[in-house]
Amino acid sequence: MRPAGNPGTSYTTQSEDKMDSEKLREMTLSDAENAISKSVYAATRMVEELEYAGRIRGNGHHLRQEISEFAVKLMRERWED
């Protein structure tokens with residue numbers, strides 16, 4: 001079943017622009033926090049569409065921000081220097 005919204009919209013989690021292992025090893029915590037935050041926020045665009053469709057209450061944008069912040073928190077707890 002296709003999600004509500006734009007025809008052809010797909011909600012996959014696969015990244016088309018994977019980073020290579022060397023870049024990931026050289027990444028600072030700050031860089032990683034920024035990258036994961038942006039990636040998770042982008043991946044949760046469906047939340048706002050659910051808001052517009054009347055399926056969730058509240059502000060979808062704020063919920064996306066909270067989800068993104070939670071992902072950063074979880075990653076930070078597991079970060080290895």
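Residues numbered from 1 in each chain as written. Predicted model: local features only at pLDDT ≥ 70, side-chain atom pairs only at ≥ 80, totals over all residues. Heavy atoms only, no water.

## With respect to the packing of aromatic side chains
Quick note on the threshold: Aromatic rings from Phe, Tyr and Trp, taking only the six-membered ring of Trp, are treated as a pair when their centres fall within 6.5 Å; an angle between ring planes under 30 degrees marks them as stacked, one over 60 as edge-to-face, and anything in between as tilted. We count a charge as sitting over a ring when the NZ of a lysine or the CZ of an arginine lies within 6 Å of the ring centre and within 35 degrees of the ring normal.
Following the criterion strictly, the structure yields zero aromatic pairs and no others. Taking NZ or CZ as reference, R64 lies 3.8 Å from the ring centre of Y41, over its face.

## Focus: the side chain of T44
As a reminder of what qualifies: Numbering goes from the N terminus for both helices and strands, where a helix is a DSSP run of H or I of at least four residues and a strand is a run of E of at least two. Any two residues whose heavy atoms approach within 4.5 Å at even a single point are treated as in contact.
Note on placement: T44 falls in the loop between α2 (29-43) and α3 (45-52). Ignoring anything within four residues of it in the chain, the contact list for T44 reads R64 and I67.

## Comments concerning the confidence of the model for the protein
In regions of low pLDDT, the predicted coordinates are not meant to be interpreted in detail. Heads up, the condition is: pLDDT expresses how confident the predictor is about each individual residue, on a scale running from 0 to 100.
Of the residues in the protein, 79% have a pLDDT of 70 or more, and the chain-wide mean is 86. The weakest mean pLDDT in the protein belongs to helix α1 (residues 21-26) at 93; the strongest belongs to helix α4 (residues 60-78) at 98.

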